[in-house]
Amino acid sequence: MAKALVVSVSVFKSREVHHTQETCHSTKESGLSPEVFACSKHVSFTNRLQSSSLQVRGSLKGPQQHSWGKLMYQWCRPSLGLFTALSEGASSRSRRHSKRLKRYAKYEDGPVLDWQWTPSSVRNTQLDDEDEGISKVEIVEDDEDDSRDQVLQDQFNLFAMAMALDDDDMAEQAIQRFGNPLKMSEMRKTVDGVTELQEQLQELYEEVNRMIEEGDEDTARALIEANYESLMEQFEPGVYCVEQAAMLDVLAQLRMSLGDFVEVEDLLIQIREVVEKVGINSMQPLVDGILEHVGGMYTALGKPEEGLPFYLSSLEIQEELLGQDSPLIVKTLLGLATTYTDLDENPKAIETYQRVLLILERTRGPNDETLALPLSHLGHSLLEEGRVDEAELSMLRALRIVEKAFGAHDGRVGVATCALARTKAARGEVSESVVLYRKGLQIMEGCSKFPDDDPTMETVRTDLAELLNLLERNDEAEELWEENLRVKEQALGPNDPRLVVHLQNLATAYAAVQKYDKCEPLLRRSLKLVSAHLGPTSPQVSVPLACLATALHHLGNQSEAEPLARQALHTREAAFGPDSPIVGESCNCLASILHSLGRNEEALTLMFRVLAIQEKELGHDSPEIGLTLELLIMLLQDLGRTFEIQPLVHRMQKLLRSQIGKAG
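Rules used in this analysis
- Residues numbered from 1 in each chain as written.
- Predicted model: local features only at pLDDT ≥ 70, side-chain atom pairs only at ≥ 80, totals over all residues.
- Heavy atoms only, no water.
- Helix = DSSP H or I, 4+ residues; strand = E, 2+ residues; numbered from the N terminus.
- Buried < 20%, exposed > 50% of the residue type's maximum accessible area, 1.4 Å probe, protein only.
- Contact = heavy atoms within 4.5 Å.
- Polar contact = N/O pair within 3.5 Å; in protein donor to acceptor, adjacent residues only side chain to side chain.
- Phe/Tyr/Trp six-rings, centres within 6.5 Å; stacked < 30°, edge-to-face > 60°.
- Lys NZ or Arg CZ within 6 Å of the ring centre and 35° of its normal.
- Salt bridge = Lys/Arg side-chain N within 4 Å of Asp/Glu carboxyl O.
- Core = buried A, V, L, I, M, F, W, Y, C linked by side-chain atoms within 4.5 Å.
- Axes fitted to C-alpha atoms, helices over the stretch in contact; angles between N-to-C directions.
- Parallel < 35°, antiparallel > 145°, perpendicular 65-115°, else oblique.
- Left-handed = near helix turned anticlockwise from the far one by under 90°.
- Nonpolar A, V, L, I, M, F, W, Y, C, P; charged D, E, K, R; others polar.
- Expected span 1.5 Å × (residues − 1).
- Disulfide = S-S within 2.5 Å.

Looking at the overall build of the protein
Within the protein, the regular secondary structure consists of 30 helices and two strands. Taken across its 664 residues, the protein has 60% of its residues classed as buried. Taking the contacts inside the protein whose residues are at least 6 apart along the sequence as the reference set, 68% of them involve residues at least 24 apart.

Comments concerning the side chain of D496
With respect to the helices and strands, the residue D496 is situated in the loop between α22 (474-492) and α23 (500-512). At 2.8 Å, the side chain of D496 and the backbone nitrogen of R498 are in polar contact.

Let's talk about the packing of aromatic side chains
Evaluated as defined, the whole model comprises one aromatic pair. Between R412 and the ring centre of F406, over which it is positioned, the NZ or CZ distance is 3.7 Å.

Here's the deal with the pattern of salt bridges
Going through the model one piece at a time under the given rule, you end up with 40 salt bridges. The closest approach of N and O atoms between E476 and R473, which form a salt bridge, is 2.9 Å. For R473, a relative accessible area of 31% puts it in the partly exposed group. Connected through salt bridges with shared partners, the residues D389, E392, K424, R427, E429 and E432 form a single ionic network.

With respect to the nonpolar core
Core analysis: the biggest nonpolar cluster contains 158 residues, and L204, V208, L268, I271, I290 and C519 have the highest contact counts within it. The greatest single-element share of this core, amounting to 11 residues, is contributed by helix α11 (residues 242-258). Apart from residues no more than four positions distant in its own chain, V208 is found in contact with A220, L223, I224 and L254.

Things to note about the packing of α11 against helix α12 (residues 261-278)
Across the interface, α11 lies against α12 with an axial gap of 9 Å and an inter-helix angle of 165°. Between α11 and α12, the angle falls in the class roughly antiparallel. For the element pair α11 and α12, the recorded crossing hand is left-handed. Residue-level contacts link V242, Q244, A245, L248, D249, L251, A252, R255 and M256 of α11 to F261, E263, V264, L267, Q270, I271, V274, V275 and V278 of α12. Tallied by class, the residues present in the contact of α11 with α12 amount to 13 nonpolar, two polar and three charged.

Considering α12
Think of an α-helix as 3.6 residues a turn; residues three or four steps apart then line up on the same face. Here α12 spans 25 Å end to end across 18 residues, near enough to the 26 Å set by a 1.5 Å rise per residue. What α12 keeps buried is the set F261, V264, L267, L268, Q270, I271, V274 and V275. Of the residues trailing α12, G279 is marked for its positive phi of about 95°.

A closer look at unusual backbone geometry
The phi torsion at E472 lies on the positive side, around 60°, for a residue other than glycine. Checked against the element boundaries, E472 lands in the loop between α21 (455-470) and α22. The exposure class assigned to E472 is exposed, which follows from its relative accessible area of 66%. Located in the positive-phi region is Q514, a residue other than glycine, with phi close to 60°. Tracing the chain through its elements places Q514 in the loop between α23 and α24 (516-534).

Some remarks on the environment of A372
You can see A372 is positioned in helix α17 (residues 372-384). Since its relative accessible area comes to 1%, A372 is described here as buried. Along the sequence, A372 and L396 sit 24 residues apart, while their C-alpha atoms lie 9.9 Å from each other.

Some points on the packing of α11 against helix α13 (residues 287-300)
The contact between α11 and α13 brings their axes to 10 Å, and the two run at 30°. The angle between α11 and α13 places the two elements in the roughly parallel class. The chirality of how α11 crosses α13 is left-handed. Across the interface between the two elements, V242, A245, A246, D249, A252, Q253 and M256 from α11 touch V287, I290, H293, M297 and A300 from α13.

Some points on the side chain of N600
Here N600 shows up in helix α28 (residues 600-618). Residue class for N600 comes out buried when judged on its relative accessible area of 13%. Residues within four places of N600 in sequence aside, it is in contact with H595, L635, D638 and L639.

A closer look at the state of the cysteines
On inspection of all chains with the given rule, the structure shows zero disulfides. Left unpaired, C519 is separated from the closest cysteine sulfur, that of C547, by 8.8 Å.

Dropping the structure here:
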């Protein structure tokens, strides 16, 4: 079965298979080699997916005031649901999905540092003293690192060689190195039938990824399709085997590398069917690795609830084979903990990371560099639970380990410093956090392995700019937003849709200090790019529409601002329904413009609609309703409808007394 399973590159080329399927994504990923033994690697879809999460700024309420007095329209910021996927495709992804798809920044020679952006929600909310709007920094291992993972693979290769040479002494030594409780005869059964298939799948995987790296995605897809068709030809009704699942697993990983997410989900369904037919048990070769890969792919696709059972099944098999304290299960535990994090089950994630630390400390010592990864993950999970003191200790320990392992001036130390800065921001020590971010950024800028357009550098600049805006150090923040845009333009060119969020971010920074003349050209570019990339009626278009309308309103160009604001409102109503908070924002924006045009009746109708949306979303006694009540009173006064004002005044007074009481 194994010999006929994989269509080699030479056979593929001789068949002259041509596959013209359209790609949704264009960046590249080197990917991981598929592991089919019990200690198989956790799949991380790294560089290919890195750029598909754009940096989206958190919401900072600035002093933007309209010309009509107290009616203030919150400056529009790109929301995650609208812009996360703009760089690579038209589909919106969840907050957690976005984070999964940009994980793992590859480093050439050791553990690397992974930044995850945690943006604000669709509603514009105040950035508080916790970690809203602050990135998540994680230290991850390089899949090409010639350290622990390579040692584990070498140990497996040693055992396979011993089996081939029929050298029982060598095999026993390998088993001892594994810390494996199995007898040699059982290990022999595990290896039998695996090595040859593994080599073929490895060859296919490496060759396709080489094509992807060289930009030959059409040929890569054609080779994947040829192997899939060959596999389907070998399927017999009612006959299933683990080799089929292994082949589908590799094809799914390759599709993942290409960003063909629809095809990935189809392949995952087929893998599940085959695995269910084959059955799951600890002595079935390949199954534990396949289960882990499926779990990883579902998690990367933003479906951690579907990935979790596969991780748990894989872990159960590995624990039975290797023991609950074996270092060989660490990769799976890390993947499981990540899935728990995506499911917002932080207590379980914390427990899993702590288990990983115990295993590594026992086998590698308390200061080994491999501890930095779980310490970083643990720190972020603790922050999510509000356990700031514990999180800071975890981050500080990770920083010290990285400093000792790589030296104080290594770029990874810079990123670990920024991870510690996040804990300072979470406890409200914003100025100290800024100092640490500056220090970390300076270290990374001095490291050749962190070029200006590195996603990590971009995210550090984003986080630091957010904090500087919070401190009203706007000139310093502007420099960072401008640098982000400059670097992206240099890397992508002036017309790439991935520039949109950076255009929006810089425009927002200018708006915070009333530089609306600088906002306008940026927002026009943003609107043009989004419309061309996604179509003029897509929900994403509503963001640059609303922002441009607001800027034009402040510049006194109401005649152009009004139709843009109406288009934004209608687009959001169609996409999100009439009672969505983001629709309320558009009503507020249009009401502001109409008031400037003297059309107060229509403005009043819109503001009553805003009030109804807020009451439904926030409750009748929310303090945020106070400003809307104040604006309604102002409009009623302008219209001479004073008899309608008194009930609103009483309601405002009640809200004020409630706030004073809570403050006391």
